[in-house]
Amino acid sequence: MSGNLQFNKIMAAGLTAALVIVVARVGVDALYHTEPPAKPGYAVEVAEAEAGGGAAAVELDPDWGTVLPTADLAAGEKAFGKCVSCHNVDPANANMTGPGLWGVVGRATAGHAGFAYSDGMKAHAAEAPTWTYDQLYHFLGNPAKWVKGTKMGFAGIKKPEERIALIAYLHSKGSTGYPIPAPDPSRQPGAAPAAAGAAPAQPAPKEGAVATPPTGSTAGGPLPTGSASASAAPAAAQ
């Protein structure tokens, strides 16, 4: 008889514990119940387009005939400080981790003797055979983006004025014979796009039409366009 009583107590305790667990779970669900989202996933905020749905303004390349004659060579030399660990601009033009940059403005792309250029730079040379002002400006802004596969690991110089100053400085180092083009109104801020059917504007003179030296330069000469950044400058030759 006592055995049965003991067994009943054990069963009652087990049932009570189970009941407590069930009640607690129901209570928790009631307190913290949340409705599932109507559409699974996460909302990603995207900046709204300019009022009126207008497209973002297209950034114009520098008007080299206007910006180079007044470029700050001291600022360009300072920017080149980011490149000196891999490049030099001495007349000897010895290669270091990167190719020598004496005379790089207007030089053949991937054309400095004795330097082992990457396959990416060699392929780029087929499309852009010369380090023009525009080529340097864009390359120095983001080397890896402008030349796929380049060995240049520099992130690039983002500020346009710093790139321009750097290109002006490089132009003063063995490239003064590379002419500065005449000012190009189509590259000036606020220049309106040509209207459909309108007569084409007179083509801008080839780079080198004007040979006005940048501020601080001892010899006049143009600078190539491309991306100009201190650490990027060395990149241009890689």
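Above this text is the structure in question.
Source: prediction; values computed, not measured. (Residues numbered from 1 in each chain as written. Predicted model: local features only at pLDDT ≥ 70, side-chain atom pairs only at ≥ 80, totals over all residues. Heavy atoms only, no water.)

Our next topic: the overall build of the protein chain. Scanning the protein chain from N- to C-terminus turns up 8 helices and 1 strand. Going through the 238 residues of the protein chain one by one, you find that 36% of them count as buried. Residue pairs at least 24 apart in sequence account for 73% of intrachain contacts in the protein chain once pairs closer than 6 positions are excluded. Looking at the protein chain as shown, the accessible area adds up to about 14100 Å², and 62% of this sits on carbon and sulfur atoms. (Helix = DSSP H or I, 4+ residues; strand = E, 2+ residues; numbered from the N terminus. Buried < 20%, exposed > 50% of the residue type's maximum accessible area, 1.4 Å probe, protein only. Contact = heavy atoms within 4.5 Å. Areas by Shrake-Rupley, 256 points an atom, 1.4 Å probe, with all protein chains shown as cover.)

A few words now on helix H5 (residues 133-141). Most of H5 sits out of view: 8 of its 9 residues are buried. Burial in H5 covers these residues: Tyr 133, Asp 134, Gln 135, Leu 136, Tyr 137, Phe 139, Leu 140 and Gly 141.

Another point: helix H3 (residues 73-80). Looking at H3, one finds that the buried residues are Leu 73, Gly 76, Ala 79 and Phe 80. The buried residues of H3 occupy an angular sector of 115° when projected down its axis, which confines them to one face. Away from the buried face of H3 by more than 90 degrees, exposed residues Ala 74 and Lys 78 are located. Capping the start of H3 is the job of one residue whose side-chain oxygen sits 3.0 Å from the backbone nitrogen of Ala 74: Asp 72. (Arc of directions from axis to C-beta. Polar contact = N/O pair within 3.5 Å; in protein donor to acceptor, adjacent residues only side chain to side chain.)

Now for the packing of H5 against helix H7 (residues 160-171). A pair of packed helices can be characterised by two numbers: the angle between their axes and the separation between those axes. Here H5 crosses H7 at 125°, and the two axes come no closer than 10 Å. By the criterion of interaxial angle, the relationship of H5 to H7 is oblique. Of the two elements, H5 crosses H7, and the hand of that crossing is right-handed. Here Tyr 133, Leu 136, Tyr 137, Leu 140 and Gly 141 of H5 lie close against H7, whose contacting residues are Pro 160, Arg 163, Ile 164, Leu 166, Ile 167 and His 171. Taken together, the residues of the contact of H5 with H7 break down into 8 nonpolar, 2 polar and 1 charged. (Axes fitted to C-alpha atoms, helices over the stretch in contact; angles between N-to-C directions. Parallel < 35°, antiparallel > 145°, perpendicular 65-115°, else oblique. Left-handed = near helix turned anticlockwise from the far one by under 90°. Nonpolar A, V, L, I, M, F, W, Y, C, P; charged D, E, K, R; others polar.)

Our next topic: unusual backbone geometry. For Asn 93, which is not glycine, the phi dihedral falls at a positive 55°. By the element assignment, Asn 93 lies in the loop between H3 and helix H4 (119-127). What makes Asn 93 buried here is its relative accessible area of 12%. Positive phi is not limited to glycine here, since Ala 110 has a value of about 55°. Tracing the backbone through its elements, the reader meets Ala 110 in the loop between H3 and H4.

A few words now on the pattern of salt bridges. Throughout the structure, instances matching the rule amount to 2 salt bridges. Taking the shortest distance from any N to any O, the salt bridge between Lys 82 and Glu 162 comes out at 2.7 Å. Of the two residues, Lys 82 sits in the loop between H3 and H4 while Glu 162 sits in helix H7, which places them 80 residues apart along the sequence. Take Lys 82: its relative accessible area is 41%, and that puts it in the partly exposed class. (Salt bridge = Lys/Arg side-chain N within 4 Å of Asp/Glu carboxyl O.)

All right, on to the packing of H3 against H7 then. At a closest axis distance of 7 Å, the pairing of H3 and H7 adopts a crossing angle of 95°. In terms of orientation, H3 lies roughly perpendicular with respect to H7. On H7, the residues that touch Leu 73, Ala 75, Gly 76, Glu 77, Ala 79 and Phe 80 of H3 are Glu 162, Ala 165, Leu 166, Ala 168, Tyr 169 and Leu 170. Its residues placed into classes, the contact of H3 with H7 shows 9 nonpolar, 1 polar and 2 charged.

Applying the stated rule across the entire model yields 6 aromatic pairs. Between Trp 131 and Phe 139, the ring centres sit 5.2 Å apart and the planes meet at 50°, which makes this aromatic pair tilted. For Trp 131, a relative accessible area of 1% corresponds to the buried category. Here Phe 139 falls in the buried class, since its relative accessible area comes to 0%. Clustering of aromatic rings is evident, with ring pairs tying together Trp 64, Tyr 133, Tyr 137 and Tyr 178. (Phe/Tyr/Trp six-rings, centres within 6.5 Å; stacked < 30°, edge-to-face > 60°.)

So, on to the nonpolar core. Within the largest apolar cluster, 32 residues are counted, with the highest numbers of intra-cluster contacts made by Phe 80, Tyr 133 and Leu 170. Breaking this core down by element, the ones donating at least two residues are H3, H5 and H7. Counting residues per element, this core draws most heavily on H7, which supplies 6 residues. (Core = buried A, V, L, I, M, F, W, Y, C linked by side-chain atoms within 4.5 Å.)

These results come straight from atomic positions and should not be treated as a statement about function.
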